[in-house]
Amino acid sequence: MASRRQRPAPAPGPPTPPRLPDSQAARSAVPGADELMEEVDLTGADWSGCTLEGVDLSGVRARSMRAPECSWDHSQWADVVLESCDLAASSWRDSGWQRTEAGECRLTGAVLSGCSLEDVWLRGCVLDMAQFRMASLRRVRFTGCRMTGADFSSAHLEQVRIEDCVLDGAAFHQVRITGRRSSRSSPAGPGLVISGGSIDGLSGADQLHGAAIDPSHLEVLGRLLAGAAGIGLELP
């Protein structure tokens, strides 16, 4: 009796795109605490250094918005599109992003530790030293981003794809990686896919169980794994 051919394990699914309204009202004024910003266009707004506690965004578009060093505690984003915005050194605590896209945005040193990101796509963003510690990322895609020193330690990564990104010095200690299944009995696919880009100096490579990594990284990955295992690669 011929054995049934096993289906290939599924790759991470694409993020669900934002659902934006046909029109949005222009808004630039800084919102008050616990305000819902719904169906507005924040293009050109300057919220630099603001405390935005409890401010929720829904159906929002923004281009060239300045909001560095802001505090977004207890904030929920849903159906948000950002282009060329500055969010560097901003922090989110007990917050979440859902169906959110950011293109060519500056997020250097952003703190998203402990946050929930679902159906998020970051394209061409600067995420150097960004913090995703203990965060939950589900169907998140990073494309062409610079992520030097980004920290994913103790994060839960489910169907995450990192493509053509600079991950030099990034940390993945104690991550939990979960892939999706085509059926209940089928094997899970990779929960994290790293393709292209660079991974020089990445730490926690020995803890990426459930990930798939581009074969072009094999030499660097071998050095990282040897270092994590305490194996020297130079003979005395």
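Basis of the calculations
Note that residues are indexed from 1 along each chain, following the sequence as it is written. Local features in this predicted model are restricted to residues of pLDDT 70 or higher, and side-chain atom pairs are both shown and tallied only at a pLDDT of 80 or more, whereas totals for entire chains, interfaces and linings draw on every residue. The basis for every side-chain value is the complete set of heavy atoms in the structure, and neither hydrogens nor water enter the calculation. Definition used in this section: a nonpolar core is a set of buried Ala, Val, Leu, Ile, Met, Phe, Trp, Tyr and Cys residues joined via side-chain atoms within 4.5 Å. Only protein chains enter the accessibility calculation, which uses a 1.4 Å probe; a residue is then buried when its area is under 20% of its type maximum, exposed when over 50%, and partly exposed in between. Helical segments are the DSSP runs of H or I of at least four residues, strand segments are the runs of E of at least two, and each set is numbered from the N terminus. By definition, residues are in contact when any of their heavy atoms lie within 4.5 Å. Here a pair means two rings of Phe, Tyr or Trp (six-membered ring of Trp) with centres within 6.5 Å. Their orientation is stacked below 30 degrees between planes, edge-to-face above 60, and tilted elsewhere. Paired strands, as defined in this entry, are two strands with at least two bridges between them according to DSSP.

What to know about the nonpolar core
Moving on, step 1. Trp47, Phe142, Phe152 and Phe172 are the most contacted members of the largest nonpolar core, which totals 62 residues.
Moving on, step 2. Within the residue set of this core, elements represented by two or more residues are strand 4 (56-63), strand 5 (76-83), strand 6 (96-103), strand 7 (116-123), strand 8 (136-143), strand 9 (156-163), strand 11 (192-195) and helix 1 (218-228).
Moving on, step 3. In contact with Phe172, not counting residues within four places along its chain, are Phe152, Leu157, Ile162, Leu167, Leu192, Leu202, Ser203, Gly204, Gln207 and Leu208.

Considerations on helix 1
Moving on, step 1. Within helix 1, the full set of buried residues consists of Val220, Leu221, Leu224 and Ala226.
Moving on, step 2. Of the surrounding elements, those touching the buried residues of helix 1 are strand 12 (211-213).
Moving on, step 3. Phi turns positive, to about 75°, at Gly230, one or two residues after helix 1.

Remarks on the packing of aromatic side chains
Moving on, step 1. Across all of its chains, the model carries ten aromatic pairs by this definition.
Moving on, step 2. Where Trp72 meets Trp92, the ring centres are 6.1 Å apart and the plane angle is 10°; that geometry is what we call stacked. Of the two residues, Trp72 is situated in the loop between strand 4 and strand 5 and Trp92 in the loop between strand 5 and strand 6; the sequence distance between them amounts to 20 residues.
Moving on, step 3. The exposure class of Trp72 is buried, given its relative accessible area of 0%.
Moving on, step 4. Here Trp92 falls in the buried class, since its relative accessible area comes to 1%.

Considerations on the pairing of strand 4
Moving on, step 1. In the sheet, strand 2 (residues 36-38) pairs with strand 4 via three bridges, with the strands oriented parallel. Its bridge partner being in strand 4, Glu38 is matched across the sheet by Ser58.
Moving on, step 2. Pairing of strand 4 with strand 5, which is carried by six bridges, proceeds in the parallel orientation. Looking across to strand 5, one finds that Val60 is bridged to Val80.

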